[in-house]
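Each chain is listed here by its residues.
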Amino acid sequence: MACATPISQIGAIGIIRISGDMSHPVSDKIFVPYQAIDKREYGRMYLGNIVLGNFKDKAFCVWFKAPNTYTGEDICEIQFHGGHAVSRGILRSLAEFGIRVARPGEFTRRAFLNRKITLDEAEGIVDVINASSESALMQASRMASGELAKEIYSCRDLLLEISASIDVILDYPEEISFEDIDKIQTDLVSVQIKLDKLLKNSSTRKYISDGVLVTIAGTPNAGKSSLLNAILKDERAIVSEIPGTTRDVLRESIEINGIRINFADTAGIRETVDTIEKIGVERAKVAIETADLVILVKDLSVSCLSDETELESSISSEKLIVVGNKVDIKKHSKRCDLEISATDGTGIDKLLDSVFDKLKLTPDAAILTRDRHIAAVTNTLKSVELAINALANETPDRVSENVKNAFKIITEITGENASEAVIDKIFSTFCVGK
Ligand SMILES: Nc1nc2c(ncn2[C@@H]2O[C@H](COP(=O)(O)OP(=O)(O)OP(=O)(O)O)[C@@H](O)[C@H]2O)c(=O)[nH]1
Ligand SMILES: [Mg+2]
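Residues numbered from 1 in each chain as written. Chains lettered and ligands numbered in written order. Predicted model: local features only at pLDDT ≥ 70, side-chain atom pairs only at ≥ 80, totals over all residues.

**As for the overall build of the protein**
Inference 1: Along the backbone of the protein there are 15 helices and twelve strands.
Inference 2: Compactness check: the protein gives a C-alpha radius of gyration of 30 Å against a globular reference of 22 Å for 434 residues, more than 25% above the reference.
Inference 3: By principal-axis analysis of the C-alpha atoms, the protein measures approximately 85 × 80 × 35 Å.
Inference 4: In the protein, buried positions account for 37% of the 434 residues.
Inference 5: Pairs at least 24 apart in sequence give 65% of the contacts found in the protein among residues at least 6 apart. (Helix = DSSP H or I, 4+ residues; strand = E, 2+ residues; numbered from the N terminus. Rg over C-alpha atoms; globule rule 2.2 N^0.38 Å. Buried ≥ 20, exposed ≤ 12 C-beta atoms within 10 Å, placed from the backbone. Contact = placed C-beta atoms within 7 Å.)

**Description of the site of ligand 1**
Inference 1: Lining the immediate environment of ligand 1, one finds 24 residues, of which Gly223, Ser225, Ser226, Thr246 and Gly268 sit closest.
Inference 2: A per-element tally of the shell around ligand 1 places helix 9 (residues 224-232) first, with three residues.
Inference 3: Broken down by class, the residue content of the shell around ligand 1 amounts to seven nonpolar, 13 polar and four charged. (Near = placed C-beta within 6 Å. Nonpolar A, V, L, I, M, F, W, Y, C, P; charged D, E, K, R; others polar.)

**What to know about the pairing of strand 8 (residues 250-256)**
Inference 1: Sheet topology places strand 8 next to strand 9 (residues 259-265); seven bridges connect them, and they run antiparallel. Bridge pairing in strand 9 links Arg251 to Ala264.
Inference 2: Where strand 8 folds back onto strand 9 in an antiparallel hairpin, the turn is made up of two residues, including Asn257, whose phi is positive at roughly 50 degrees. (Pairing = 2+ DSSP bridges.)

**Description of the packing of helix 6 (residues 147-171) against helix 14 (residues 396-414)**
The geometry of a pair of packed helices is captured by two quantities: the angle between their axes and the separation between those axes.
Inference 1: With their axes 9 Å apart at the nearest point, helix 6 and helix 14 run at an angle of 155 degrees to one another. Classified by the angle their axes make, helix 6 and helix 14 are roughly antiparallel. Our pair here, helix 6 against helix 14, has a crossing hand that is left-handed. Across from Ala149, Ile152, Cys155, Arg156, Leu159, Leu160, Ile162, Ser163, Ile166, Asp167, Ile169 and Leu170 in helix 6, the residues of helix 14 making contact are Pro396, Asp397, Val399, Ser400, Val403, Lys404, Ala406, Phe407, Ile410, Thr411, Ile413 and Thr414. (Axes fitted to C-alpha atoms, helices over the stretch in contact; angles between N-to-C directions. Parallel < 35°, antiparallel > 145°, perpendicular 65-115°, else oblique. Left-handed = near helix turned anticlockwise from the far one by under 90°.)

**Some details on helix 6**
Inference 1: In this model, helix 6 (25 residues) spans 37 Å end to end at C-alpha, consistent with the 36 Å of a helix rising 1.5 Å per residue.
Inference 2: Listing the buried residues of helix 6 in full gives Leu148, Ala149, Glu151, Ile152, Cys155, Arg156, Leu159, Ile162 and Ile166.
Inference 3: The inward-facing, buried residues of helix 6 abut helix 4 (119-130), helix 5 (134-144), helix 7 (178-201) and helix 14. (Expected span 1.5 Å × (residues − 1).)

**Remarks on the nonpolar core**
Inference 1: Within the largest apolar cluster, 79 residues are counted, with the highest numbers of intra-cluster contacts made by Leu159, Ile216, Ala217, Ile295, Val403, Ala406 and Ile410.
Inference 2: Here Ala406 is in contact with Leu159, Thr380, Ser383, Val384 and Ala387, once residues within four sequence places are set aside. (Core = buried A, V, L, I, M, F, W, Y, C linked by C-beta atoms within 7 Å.)

**Focus on the domain arrangement of the protein**
Inference 1: Per the domain assignment, the segments making up the protein are domain 1 (2-113), domain 2 (133-203 + 368-415) and domain 3 (210-358).
Inference 2: Distance from the C-alpha centre of domain 1 to the C-alpha centre of domain 2: 44 Å. (Domains from an automatic or database assignment.)

**Brief notes about the pairing of strand 4 (residues 45-52)**
Inference 1: Here strand 3 (residues 31-33) runs beside strand 4; their pairing, made up of three bridges, is antiparallel. Counted as the bridge partner of Val32 is Asn49 from strand 4.
Inference 2: With eight bridges connecting them, strand 4 and strand 5 (residues 55-64) associate as antiparallel partners. Directly across from Val51, in strand 5, lies its bridge partner Lys56.
Inference 3: The antiparallel pairing of strand 4 with strand 5 creates a hairpin that spans two residues between the two strands, and Gly53 there sits at a positive phi of about 60 degrees.

**Some words on the packing of helix 7 against helix 13 (residues 371-393)**
Inference 1: Between helix 7 and helix 13, the shortest axis-to-axis distance is 10 Å and the interhelical angle comes to 155 degrees. With respect to helix 13, the axis of helix 7 lies roughly antiparallel. The interaxial crossing formed by helix 7 with helix 13 has left-handed handedness. Residues Ile181, Ile184, Gln185, Leu188, Val189, Val191, Gln192, Leu195, Asp196, Leu198 and Leu199 of helix 7 form the contact with helix 13, whose own contacting residues are Val377, Thr378, Thr380, Leu381, Val384, Glu385, Ala387, Ile388 and Leu391.
Inference 2: Residues belonging to the contact of helix 7 with helix 13 are distributed by class as follows: 14 nonpolar, four polar and two charged.

**Re the sheet that holds strand 8**
Inference 1: Strand order across the open sheet formed by six strands is 8-9-7-10-11-12, with mixed pairing between neighbours. Strands with a single pairing partner mark the edges of an open sheet, and in this sheet they are strand 8 and strand 12 (338-339).
Inference 2: Across five bridges, strand 7 (residues 212-218) lies against strand 10 (residues 293-299) in parallel orientation. Each residue of the ladder has a partner; that of Val214, found in strand 10, is Leu293.

**Things to note about helix 4**
Inference 1: Counted at 1.5 Å a residue, the expected span for helix 4 with its twelve residues is 16 Å, and the 17 Å between its end C-alpha atoms agrees.
Inference 2: A large share of helix 4 lies buried, amounting to nine of its twelve residues.
Inference 3: Residues of helix 4 that are buried: Leu119, Asp120, Glu121, Ala122, Glu123, Gly124, Ile125, Val126 and Asp127.
Inference 4: In this structure, the buried side of helix 4 is in contact with helix 3 (106-113), helix 5, helix 6, helix 13, helix 14 and helix 15 (420-428).

**Re the environment of Arg100**
Inference 1: Assignment of secondary structure puts Arg100 in the loop between helix 2 (84-96) and helix 3.
Inference 2: Look at Arg100 and you get partly exposed, because 13 C-beta atoms sit within 10 Å.
Inference 3: C-alpha separation for the pair Arg100 and Ile409, spaced 309 residues apart in sequence, amounts to 36 Å.

**A look at the environment of Leu386**
Inference 1: Counting through the fold element by element, Leu386 comes out in helix 13.
Inference 2: The class for Leu386 is partly exposed, based on 18 C-beta atoms found within 10 Å.
Inference 3: Separated by 17 residues in the primary sequence, Leu386 and Val403 have C-alpha atoms spaced 8.6 Å apart.

**Brief notes about unusual backbone geometry**
What you tend to see is this: most non-glycine residues have negative phi, and most peptide bonds are trans.
Inference 1: Residue Pro67 is bonded to the preceding Ala66 through a cis peptide linkage, with omega at 5 degrees.
Inference 2: The topology assignment puts Pro67 in the loop between strand 5 and strand 6 (75-81).
Inference 3: Non-glycine residue Lys233 carries a positive phi angle of around 55 degrees.
Inference 4: Of note, Lys233 is situated in the loop between helix 9 and strand 8.

In structure tokens form, the structure reads like this:
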């Protein structure tokens, strides 16, 4: 048993969940329905009283019958007026009837052991609970609902099929045909492509969970702070025609298409003798280095500056978007990816689209969000590649060995082949009551 709602906080309602064979009979000892029940209807809410010694209060009780429950066992849930005294009173009473408090994640662990969910689905459930942005929540719910498991199973099933075909070849070497080898080769390459795609899509996983760090950089007066304000649709940063206005790094984040984008507006980069501005320039350089993406703002109303050229060449083109700002008063053409006006809003939406394109952010793809999954898929892929190589250059034994190894590693993700230590580690991150 466990309190499914936070026990140390006062809430409108509290919920206690009991799982196992004892759950239904023991609930009858503390819950008295208003109307006598001839035959329990599962999944139906019954109104009645919680009776704990002299204490009595209105409550709801709902019973679920195994195996169609969260844990795969009989379950009873009691909903009562929130408050820790009531929760503790119920837990104490149940303990007197021999019901034990569940360990963190124990309900979900039972669900996994009773084959109600796979290990990655369990991980998805923790991630749903802990999700801090819409995109993290979407990914977690995909994993919790088995989308990742589906992809993994399709590779696993194909590996199993390949393994069976190779076993036939090993048993009847004299009957090997060119078509058999060709089919194995095609299937192995198909698994390789699937795994490769999963890994590629997953390169953005850090962005999904932690958000993206975008630094706005450029020479003084280019319009960096104006751009930040235009993106935020808020006069957040001081804007002035005096070059060197921004000194500190100004950080502000917004969610776009469900992904948290953390913008940093920085001091304009130039050679300066001003002590404070110098510190600002140094901080701007650090913000450029640590950024996932840099938006370099060029001023189209002035001719090209040496500081501008130097800055552009110091940033890796892989994480650089160059914008020409002040297109509304453009006097000079400069090399840039797109032209904008931070004051009248021209090109701002296109700029945000190119941020997504540049970072290859595809919030809709199924991705691997955990190191454990990345490691397993990477190692499976290695074994598949070894098998492809063995098929061309080595013996069928070696192909078989590598395919079997790939099969073993990939099933670690869904938990069929995960060690007790891995399982313990995953469930230790759950809260009590889940
Ligand atoms: N016409 C026009 N003026 C702009 C545009 N963007 C910025 N400005 C003006 O350019 C000047 C400098 O803008 P800021 O946003 O303060 O520039 P900055 O790059 O943050 O400057 P520092 O903080 O000094 O490095 C201000 O007078 C802005 O109003 C634009 O798109 N069009
Ligand atoms: Mg500024």
